Amino acid sequence: FGGWDWLVEISYRPGVTDTLALTAREALAIAGAEPPEGSLVQTARLHLLACPRHEGRPEIEAAFAHFWNPLIQQATFLSRAEWEAGARLPGLLP
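In short, a report on the structure. Here, residues in each chain are numbered from 1, in the same order as that chain's written sequence. Under the rules for a predicted model, residues below a pLDDT of 70 receive no local features and side-chain atom pairs below 80 are neither given nor counted, while totals for whole chains, interfaces and linings still include all residues. To obtain the side-chain values, all non-hydrogen atoms of the structure were included, while hydrogens and water were left out.

1. Quick notes on the packing of aromatic side chains
Item 1. Put simply, two rings from Phe, Tyr or Trp (the six-membered ring, in Trp's case) pair if the centres are within 6.5 Å, and we call them stacked under 30 degrees between planes, edge-to-face over 60, tilted for the rest. All chains considered together, the criterion is met by three aromatic pairs.
Item 2. Considering the side-chain rings of F64 and F77, the 6.3 Å spacing of their centres and the 80 degrees angle between planes classify their relative orientation as edge-to-face. Here F77 lies in strand 3 (residues 73-79) and F64 lies in the loop between helix 2 (57-63) and strand 3, a separation of 13 residues in the sequence.
Item 3. F77 sits in the buried class, given a relative accessible area of 10%.
Item 4. Here the aromatic cluster, defined as three or more aromatic residues joined through ring pairs, consists of F64, F67 and F77. Only DSSP runs of H or I with at least four residues qualify as helices, and only runs of E with at least two residues qualify as strands; both kinds are numbered from the N terminus onward. Per-residue accessibility, obtained with a 1.4 Å probe over protein chains only, is compared with the maximum for each type, and a residue is labelled buried under 20%, exposed over 50%, and partly exposed between these values.

Here it is in structure tokens:
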């Protein structure tokens, strides 16, 4: 994962049905690897960006404005500097 300047994670907001996660849970059950009772199966898209012009957060957020639907999804933006300072993506929960 080297060479990135920005990390963007897009996931469903709490309370929104994650149909891919439901399918994954069902596939695990069919394969005999059903997750433990009460566990969560969630999906998210992770984008790593290399920005040679060193764009700031407003420019990156504007560039991603059409990649997610803020009514049902949430986006988390982390710069490489924030990552190296110890910032991490939040856990996904319903």
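2. A word on the sheet that holds strand 2 (residues 44-49)
Item 1. Pairing is antiparallel across the open sheet formed by three strands, whose spatial order is 2-1-3. Of all strands in the sheet, those with a lone pairing partner are strand 2 and strand 3, marking the two edges. In this sheet, adjacent strand axes meet at a mean angle of 15 degrees when their direction is disregarded.
Item 2. If DSSP finds at least two bridges between two strands, the strands pair. Two strands pair when backbone bridges link them, and strand 1 (residues 6-12) and strand 3 are joined in this way by seven bridges, in the antiparallel orientation. Note on strand 3: the bridge partner recorded for I10 is A75. Here an angle of 0 to 180 degrees is reported between the N-to-C directions of two axes, which are lines fitted to C-alpha atoms, with helices fitted over the stretch in contact.

Everything listed here is a matter of geometry and, on its own, says nothing about what the molecule does.
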